[in-house]
Amino acid sequence: MTVFLLLCLMLVLAVAAFVVCRARALALSGGKIGVLHSLPGYYGWHGAIMVLLPGLAVLLVWLVVQPMVIESRISATLPAELTADDSARALAMADVRRLAAGLDVAIAAGSVTVDASGTPQIAGSGTMREALAEAGVALAEDVSPQILTAAQAYRGLSATGAAWRALAVLAAALAGFALAVRMTEPELRARNRVEGVVEGLLMAASTIAILTTVGIVWSMLSETFNFFSMYPAADFFFGLTWSPNFRGDSELGFIPLLWGTLYISLISMLVAVPIGLFAAIYLAEYASPAVRGWVKPLIEVIAGIPTVVFGLFALVTVGPLLRDYFAEPLGLGNSGSSVMTAGIVIGILNIPFISSLADDIINAVPQALRDGSYGLGATKSETVRQVIIPAALPGIVGAVLLAASRAIGETMIVSMGAGAAAKLDLNPFEAMTTMTVKIVGQLTGDTDFASPETLVAFALGMTLFVITLGLNILALYVVRKYREQYE
Amino acid sequence: MDDMRIVERTVNTKASKISAKGVQVHYGATHALKDVDVEILENTVTAFIGPSGCGKSTFLRCLNRMNDTIPSCRVDGSITLDGENIYDPRVDPVRLRARVGMVFQKPNPFPKSIYDNVAYGPKIHGLARTKAELDEIVETSLRKAALWNEAKDRLASPGTGLSGGQQQRLCIARAIATSPEVLLMDEPCSALDPIATAQVEELIDELRASFSVVIVTHSMQQAARVSQKTAFFHLGNLVEYGETGQVFTTPQDPRTEAYITGRIG
Ligand SMILES: Nc1ncnc2c1ncn2[C@@H]1O[C@H](COP(=O)(O)OP(=O)(O)OP(=O)(O)O)[C@@H](O)[C@H]1O
Ligand SMILES: [Mg+2]
């Protein structure tokens, strides 16, 4: 029985348990719902959960354990020369699995048949490889008899495993069903138990989010340590030159990249914060509902444009424009890609982000505060400046810091708008680059995961992570500290 | 009504400060006020009484055009302040509100320090030229609002950290700091204890010397204690308007009598 079918069956059982338990609770109440501890629906949900939870738990454990058991049993039967060391064993097992999967397909397609004893027979003439190829399964070389036997054993074990799995899962689900029906008594605290399960589910969801973050950090940490074992940390953190090469004498100083990152982010924030904030103030305080209904979605459309499209905009429009009308007349260089180009375009990208967040925050300022200010004879702009912005400030600072982390992490626009040259320069019309672009650069193409030139990407990623994490913590702190102001 | 101390009512000679004629207010399709005529006299306390939802706050908000901030609200009729129609397009509602101050039904201190709350109005209207003058205004306003003793040691702490009743007194101090000509108070004592209520009532009586005061209240006793004129609203209509003593002792309309004796409300 396939896993999907099993899930469907459990769902049916759960629905049945819901109906049965609910009906039983109703019957036990004798028409007076008041004698039940919880509403009848909760008894129903309790039944459904009692079916699903044990069933799913058994299924999950089985799905994890069965492949491990089968692998160890099969690899024990493989001839010793195939399992000489770990990598050879892994290779052979991969062959076995591939062949077993191929046989499944071929049997379904009819190019291989199964005889009474369960041994696969080639339906036409030719080799097993040809028979499999006929069914659309391509193998690199012809099948060795040992692997074929192992694959057969693998299929046999899998089939028995699946059968036992179905039995075990259904047994657990049915046991849960029976127990739930037995437990359905007026005193059963069904509501509390159901809410406990709901709480557990919510907790599991947040745990997954946290574990993912931890996993990301962990995977980067080990590679980062590898990097620092090959390349001195001081040279990385304080080096002023970034010139990787694959001859072995690279200079991997991250200061130019940090500088490029901060410079571009700074320019982008100089563009995004005033415009985004003013747009938000206009929308929240000045615009009529009709204008607001039009303008707000229009601004937010920008947020939906993929960043690579912004990159194109930077490359073909903003870059040449800045070069022809600012950089060249001012004698500041003739580079189409520049810090300015990327900064401005990232700023544009962040305008809707800031304006939308700030608009929500300004709207959350209670009307009573505005009334209080207007009632004292304050004008609109005095009210905005002296009452609304101060009251909304923590939220606005949070929004700005979030936007800053987005600017720091932006890659596409930088690589298309600012170029890929790592430079330490004050001229905003020079091409520079950022950490994110270099991470991509060091990891694409021919890479050797044992050289510092590649592993430096992980060190850069880790540093970037720490910087944005710091910004986010700062944002959280600011928001927390001032949150209670008008509540 | 035995405990009413009916204050001397020598108001008939006073000049009219605000005069409302045929005021109609609609909130979208809701007709909230129907054809209200009221004269608010100078140096007089006028009380608005009536059951909840009858339009007292709505009318109060018409008098300083606070209804402008509600998009669905439409005001018709004429309201004049010192003979000038306040709904005239040439009138700047901001200037008007500086002359007609307001204390709201719910306390709404700004999330600023107590000092800055009170200094807000004087600052934006340029009433104080020096810091000392501003300090002076803040202190007298807080004293008048009976908050000075509680607040003098914590002028720098946020106004939102005060208790509900203290916040309301802070809002009163904030309103009188701009020295308006008319002060509109929407149930200023609903969150106050009897002591603070007595202090605020005393303040209202003092304010009468320099301003006109309009007060909305649900307490008949309070209306009787502090006001010289009383207007009774019911379902958006101004049912009765006259001298407080007369409204409470010999009401002309059966609905007024029913309300003040507690039979409708
Ligand atoms: N912003 C608004 N939008 C729509 N209708 C409103 C609004 N404000 C008040 N109303 C309506 O106008 C009518 C009068 O309301 P108002 O607030 O003036 O009553 P009130 O006499 O002050 O009552 P209370 O004593 O409870 O404060 C009510 O029916 C109310 O529903
Ligand atoms: Mg009211």
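Residues numbered from 1 in each chain as written. Chains lettered and ligands numbered in written order. Predicted model: local features only at pLDDT ≥ 70, side-chain atom pairs only at ≥ 80, totals over all residues. Heavy atoms only, no water.

Attention now moves to the overall build of chain B. When helices and strands are counted, chain B shows ten helices and ten strands. Computed over its C-alpha atoms, the radius of gyration of chain B comes to 18 Å, within 12% of the 18 Å expected for a compact globule of 265 residues. Dimensions along the principal axes, computed over C-alpha positions, put chain B at roughly 55 × 45 × 35 Å. Taking all 265 residues of chain B together, the buried fraction comes to 56%. Contacts in chain B between residues far apart in sequence, at least 24 positions, make up 66% of those at least 6 positions apart. (Helix = DSSP H or I, 4+ residues; strand = E, 2+ residues; numbered from the N terminus. Rg over C-alpha atoms; globule rule 2.2 N^0.38 Å. Buried < 20%, exposed > 50% of the residue type's maximum accessible area, 1.4 Å probe, protein only. Contact = heavy atoms within 4.5 Å.)

To continue, consider the site of ligand 1. Residue and element names in this part refer to chain B. In the vicinity of ligand 1 lie 13 residues, with Ser52, Lys56, Ser57, Thr58 and His218 positioned nearest. Here an oxygen atom of ligand 1 and a side-chain polar atom of lysine 56 are 2.7 Å apart. Contact between ligand 1 and glutamate 187: an oxygen atom at 3.5 Å from a side-chain N or O atom of the residue. In isolation ligand 1 exposes 630 Å². Once the protein is present, 65% of that is buried. For the shell around ligand 1, the element with the highest residue contribution is helix H1 (residues 56–63), accounting for three residues. For the shell around ligand 1, the class distribution of residues is four nonpolar, seven polar and two charged. (Near = heavy atom within 4 Å. Polar contact = N/O pair within 3.5 Å; in protein donor to acceptor, adjacent residues only side chain to side chain. Areas by Shrake-Rupley, 256 points an atom, 1.4 Å probe, with all protein chains shown as cover. Nonpolar A, V, L, I, M, F, W, Y, C, P; charged D, E, K, R; others polar.)

This part covers the environment of glutamate 181 of chain B. All names here are of chain B. With respect to the element layout, glutamate 181 can be found in the loop between helix H6 (164–177) and strand S7 (182–186). Glutamate 181 sits in the partly exposed class, given a relative accessible area of 26%. Put simply, glutamate 181 and isoleucine 70 are 111 residues apart on the chain and 24 Å apart in space, counted from C-alpha to C-alpha. Every residue in contact with glutamate 181, bar those within four places of it in the chain, is listed here: Lys17, Asp82, Arg99, Phe211 and Ser212.

Residue and element names in this part refer to chain B. Every protein donor of the magnesium ion (ligand 2) is listed here as Ser57 (OG) and Gln105 (OE1), and their distances to the metal cover 1.9 to 2.4 Å. Linking serine 57 in helix H1 with glutamine 105 in the loop between strand S6 (100–103) and helix H3 (114–124), this pair joins segments that are 48 residues apart in sequence. Judged by its relative accessible area of 34%, glutamine 105 falls in the partly exposed class. (Donors = N, O, S within 2.8 Å, 3.2 Å for Na, K, Ca; no water.)

What follows deals with the interface of chain A and chain B. At the interface, 20 residues of chain A touch 22 residues of chain B. Applying the counting criterion to the chain A and chain B interface returns zero salt bridges. Joining chain A to chain B, the criterion identifies four residue pairs in polar contact (both at pLDDT 80 or more). With eight residues, the top contributor of residues to the side of chain A that touches chain B is helix H12 (residues 367–375) of chain A. For the side of chain A that touches chain B, the residue count by class is nine nonpolar, nine polar and two charged. (Salt bridge = Lys/Arg side-chain N within 4 Å of Asp/Glu carboxyl O.)

This part takes up helix H11 (residues 339–363) of chain A. The end-to-end C-alpha distance of H11 of chain A, which contains 25 residues, comes to 35 Å, matching closely the 36 Å that a straight helix rising 1.5 Å per residue would cover. If you look at H11 of chain A, its biggest bend is around 35°, right at asparagine 350 of chain A, and the proline proline 352 of chain A turns up within four residues after that. (Expected span 1.5 Å × (residues − 1). Bend = angle between axes of the 7 residues up to and from the residue.)

This part covers the pairing of strand S2 (residues 30–41) of chain B. Residue and element names in this part refer to chain B. Pairing geometry for strand S1 (residues 16–27) and S2, over eight bridges, is antiparallel. Pairing of alanine 20 across the sheet is with valine 38, part of S2. Hairpin connection, S1 to S2: the antiparallel pair is bridged by two residues, and glycine 28 has positive phi, about 60°. (Pairing = 2+ DSSP bridges.)

Now for the pattern of salt bridges. Residue and element names in this part refer to chain A. For the structure on display, the rule yields 25 salt bridges over all chains. The partner of lysine 423 in a salt bridge is glutamate 430, with the nearest N and O atoms 2.9 Å apart. A cluster of three or more residues bridged by salt bridges with shared partners is formed by Arg292, Lys296, Glu300, Asp359 and Asp360.

So, about the side chain of glutamine 228 of chain B. Residues and elements named next belong to chain B. Mapped onto the elements, glutamine 228 comes out in the loop between helix H8 (220–226) and strand S9 (229–234). On the basis of relative accessibility, which here comes to 0%, the residue glutamine 228 falls in the buried class. Among the polar contacts listed, one links the side chain of glutamine 228 to the backbone oxygen of valine 226, at a separation of 3.4 Å.

Quick look at unusual backbone geometry now. All names here are of chain B. With a phi close to 60°, alanine 146 is a non-glycine residue in the positive phi region. With respect to the secondary-structure elements, alanine 146 resides in the loop between helix H4 (131–144) and helix H5 (148–151). Judged by relative accessible area, which is 15%, alanine 146 ranks as buried. For serine 179, which is not a glycine, the phi torsion comes out positive at approximately 35°. Relative to the elements of secondary structure, serine 179 occurs in the loop between H6 and S7. Accessibility expressed as a relative area gives 48% for serine 179, which makes it partly exposed.

Here we take up the side chain of histidine 26 of chain B. By secondary structure assignment, the location of histidine 26 of chain B is in strand S1. Sequence-distant contacts of histidine 26 of chain B, defined by excluding residues within four places in its chain, comprise His31, Ala32, Ser72, Cys73, Arg74 and Asp76 of chain B.

Once that is clear, we can look at the packing of helix H10 (residues 307–327) of chain A against H11 of chain A. All names here are of chain A. Taken N-terminus to C-terminus, the directions of H10 and H11 make an angle of 135°; their axes are 9 Å apart at the nearest point. Considering their axes alone, H10 and H11 lie oblique with respect to each other. In this structure, the crossing between H10 and H11 has a hand that is right-handed. Residues Thr307, Phe310, Phe313, Ala314, Val318, Gly319 and Leu322 of H10 form the contact with H11, whose participating residues are Met340, Thr341, Ile344, Val345, Ile348 and Leu349. Here the contact of H10 with H11 is composed, by residue class, of ten nonpolar, three polar and no charged. (Axes fitted to C-alpha atoms, helices over the stretch in contact; angles between N-to-C directions. Parallel < 35°, antiparallel > 145°, perpendicular 65-115°, else oblique. Left-handed = near helix turned anticlockwise from the far one by under 90°.)

Turning our attention to the packing of aromatic side chains. On inspection of all chains with the given rule, the structure shows 15 aromatic pairs over all chains. With a centroid separation of 5.5 Å and 75° between ring planes, the pair formed by phenylalanine 227 of chain A and phenylalanine 236 of chain A is classed as edge-to-face. A single burial state applies to phenylalanine 227 of chain A and to phenylalanine 236 of chain A, both of which are buried. Ring centres 5.1 Å apart and planes at 65° place the aromatic pair phenylalanine 48 of chain B and phenylalanine 233 of chain B in the edge-to-face group. Remark: phenylalanine 233 of chain B occurs in strand S9 and phenylalanine 48 of chain B occurs in strand S3 (residues 45–49); sequence separation between them is 185 residues. The same class applies to phenylalanine 48 of chain B as to phenylalanine 233 of chain B, namely buried. In textbook terms, an aromatic cluster arises when at least three aromatic residues are bridged by ring pairs, as seen for Phe227, Phe228, Tyr231, Phe236, Phe237 and Phe254 of chain A. (Phe/Tyr/Trp six-rings, centres within 6.5 Å; stacked < 30°, edge-to-face > 60°.)

For H1 of chain B, the buried fraction is high: seven of the eight residues fall into the buried class. Taken from the residues just after H1 of chain B, arginine 65 of chain B is the one with a positive phi, measuring 55°.

On to the confidence of the model for chain A. Should pLDDT be low for a region, the predicted coordinates there are not to be read in detail. Chain-level statistics for chain A give a pLDDT mean of 88 and a share of 97% at 70 or above. For chain A, the element scoring lowest by mean pLDDT is strand S2 (residues 120–122) of chain A, at 73; helix H8 (residues 255–286) of chain A scores highest, at 94. (pLDDT = per-residue confidence, 0-100.)

All names here are of chain B. Core analysis: the largest hydrophobic core is formed by 46 residues, its most contacted members being Ile49, Leu142 and Ile204. Ranked by the residues each element gives to this core, the list is headed by H6, at seven residues. Among residues more than four places away in sequence, those in contact with isoleucine 49 are Lys56, Thr217, Met220, Ala223, Thr230, Ala231, Phe232, Phe233, Phe248, Tyr259 and Ile260. Within the second largest apolar cluster, 32 residues are counted, among which are Val38, Cys54, Leu60 and Met102. (Core = buried A, V, L, I, M, F, W, Y, C linked by side-chain atoms within 4.5 Å.)

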